[in-house]
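# Architecture at a glance
Spelled out from the first residue to the last, the chains are:
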Amino acid sequence: MSAAPESPSEQSQVVARAVTYRHPQAEKDCLHGIDLALAGGELVCVIGPNGGGKSTLLRLMAGLIEPSGGGIELNGSSVRRLAPRARARAIALVPQGLARLPRSLVRDFVAGGRYSHLGRFGTPGPEDRAAVDTALESAELTSEARRPMAELSGGQRQRALIARALAQDSPLLLVDEPTNSLDPAHQLSIFELIAGQACLGRAVVVVTHDLNLASQFATRLCLLDAGRILCSGRPDEVLRPEVLEPVYGSRMHFGELPSSLPPGVRPFVLPWSS
């Protein structure tokens with residue numbers, strides 16, 4: 001079994017400092033002076049309206065694109081300066097979905113997450129096979145390992161994407177809108193899986209439109225709008241009328257539900273036509 005990070009607070013320090021980004025050919029920046037830091041064991045949900053820059057921020061944190069200004073560091077090293085294999089060992093990105101379904105079995109697809117750990121000849125060893133087994137088990141896909149990816153349901157495919165990222169065994173996990181088009185039961189199970197990775201010591205960032213799942217599972221929320229972080233804090237600090245209504249409008253209903261997590265209640269927000 002692949003071991004959890006030995007010292008999450010030391011191995012998963014992620015810091016974005018004054019990050020700006022401008023798309024090629026664009027006339028203005030789409031991200032402005034983003035400051036964000038998190039450590040192992042945290043699950044930070046980035047929320048905000050469409051077009052606010054959430055997915056762009058995730059791609060910057062993954063090192064897939066380069067900031068126009070500022071920088072992102074993982075354990076003191078610039079993400080963009082990491083060699084591709086080193087970056088893959090350090091950062092796992094779960095996209096919103098698959099552009100094309102691979103013609104592979106589930107186990108082979110998940111095993112693709114181990115490429116950065118393979119030796120010179122690319123032959124998986126016992127540690128690689130164990131990491132794949134652990135990822136499949138964590139994602140509850142062990143019984144589906146020999147099925148073609150094309151035969152999986154939408155929820156199972158999302159779990160396979162996450163399992164592939166878990167097989168990377170990276171201390172930083174980035175997840176982009178993982179519950180799109182899933183029913184409520186699968187939405188909960190996906191967030192439980194992701195939250196479990198934070199409990200194992202990974203630093204986890206999730207982009208989501210679901211304010212209530214974010215409220216249930218996040219240790220911290222960041223509200224991003226028009227390329228700026230407007231508010232960052234605990235769910236009960238961010239999911240408030242005075243914070244959200246300037247961004248989303250006033251047609252929302254706010255309440256609280258009991259929670260096993262501190263402080264004992266968590267807010268909920270419903271779109272509501274009065």
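Model, not experiment: these values are computed from the prediction. (Residues numbered from 1 in each chain as written. Predicted model: local features only at pLDDT ≥ 70, side-chain atom pairs only at ≥ 80, totals over all residues. Heavy atoms only, no water.)

### A few points about helix 6 (residues 154-167)
Basically, it comes down to this: Secondary structure elements follow DSSP: runs of H or I of four or more residues count as helices, runs of E of two or more count as strands, with numbering from the N terminus. By definition here, a helix of n residues has an expected span of 1.5 Å times n minus one. Any residue under 20% of the maximum accessible area for its type is buried, any over 50% is exposed, and the rest in between are partly exposed; the area is computed with a 1.4 Å probe on protein chains only. Two residues qualify as a contact provided that any one of their heavy atoms is within 4.5 Å of a heavy atom in the partner residue.
Its 14 residues place the ends of helix 6 20 Å apart at the C-alpha level, agreeing with the 20 Å of an ideal helix rising 1.5 Å per residue. The element helix 6 is largely enclosed, with a buried count of 10 among its 14 residues. Among the structural elements, strand 6 (91-94), helix 4 (106-111), helix 5 (126-138), strand 7 (172-176) and helix 7 (184-199) are those in contact with the buried residues of helix 6.

### What about the packing of helix 5 against helix 6?
For any two helices packed against each other, the geometry comes down to the angle between their axes and how far apart the axes lie. Our working definition: Each axis is a line fitted through C-alpha atoms, taken for helices only over the stretch in contact, and angles between the N-to-C directions span 0 to 180 degrees. For any helix crossing, the convention is left-handed if the near helix is rotated counterclockwise from the far helix by under a right angle, and right-handed if that rotation is clockwise. Under the convention adopted here, Pro, Cys and the residues Ala, Val, Leu, Ile, Met, Phe, Trp and Tyr are nonpolar, Asp, Glu, Lys and Arg are charged, and Gly plus all remaining residues are polar.
Viewed as axis vectors pointing N to C, helix 5 and helix 6 meet at an angle of 145 degrees, and their least axial separation amounts to 8 Å. Helix-helix and strand crossings are classified by hand; for helix 5 and helix 6 the assignment is right-handed. Contact residues: helix 5 offers A131, A135 and S138, while helix 6 offers R159, A163, L166 and A167. By residue class, the composition of the contact of helix 5 with helix 6 is 5 nonpolar, 1 polar and 1 charged.

### Comments concerning the sheet that holds strand 10 (residues 228-233)
Stated precisely, the cut-off is as follows: Any two strands with at least two DSSP bridges between them are considered paired.
Spatially, the 6 strands line up as an open sheet ordered 6-7-8-3-9-10, and their pairing is mixed. Single-partner strands in this sheet number two, and they are strand 6 and strand 10. Pairs of neighbouring strands in the sheet enclose a mean axial angle of 15 degrees, with direction left out of account. Pairing geometry for strand 9 (residues 220-225) and strand 10, over 5 bridges, is antiparallel. Residue pairing for strand 10: L224 is matched across the bridge by I229. Most of the contacts of helix 2 (residues 54-61) go to strand 7, to which it runs at about 155 degrees, and overall it touches strand 3 (43-47), strand 6, strand 7, strand 8 (203-207) and strand 9. Sitting on the sheet, helix 10 (residues 241-248) is in contact with strand 3, strand 9 and strand 10, with an inclination near 30 degrees to strand 9.

### Considering the nonpolar core
Keep this limit in mind: Buried Ala, Val, Leu, Ile, Met, Phe, Trp, Tyr and Cys residues that are joined via side-chain atoms within 4.5 Å together make up what is termed a nonpolar core.
Core analysis: the biggest nonpolar cluster contains 49 residues, and L43 and V110 have the highest contact counts within it. Residue contributions to this core peak at 7 residues, all from helix 6. With near-sequence residues (within four places) excluded, V110 lies in contact with V132, A135, L136, A160, A163, R164 and A167. L31, V46, L57 and L74 belong to the second largest nonpolar core, which has 29 residues in total.

### Comments concerning the sheet that holds strand 2 (residues 31-38)
Ordered in space as 2-1-4-5, the 4 strands form an open sheet in which the pairing is antiparallel. The open sheet has two edge strands with one neighbour each: strand 2 and strand 5 (77-78). For strand 1 (residues 14-21) and strand 4 (residues 69-74), the ladder comprises 5 bridges, and the chain directions are antiparallel. If you follow A16 over to strand 4, its bridge partner there is I72. Helix 2 rests against strand 1, strand 2 and strand 4 of the sheet, and its axis sits at about 60 degrees to strand 2.

### Looking at the layout of surface pockets
So the rule is basically this: Cavities and pockets are found on a 1 Å grid laid over the protein atoms alone: a cavity is a set of points where a 1.4 Å probe fits but cannot escape, a pocket is an open set with protein on both sides within 12 Å along at least five of seven lines, and a lining residue has an atom within 4 Å of such a point. Grid points are joined across faces, edges and corners, and a volume is the space filled by probe spheres set on the points.
If you add up the space inside the largest pocket, you get close to 460 Å³. Taken together, 24 residues form the lining of the largest pocket, with A92, L93, V94, P95 and Q168 sitting closest to its centre. Counting residues per element, the lining of the largest pocket draws most heavily on strand 6, at 4 residues. By residue class, the composition of the lining of the largest pocket is 15 nonpolar, 5 polar and 4 charged.

Distances and angles like these do not, on their own, reveal function.
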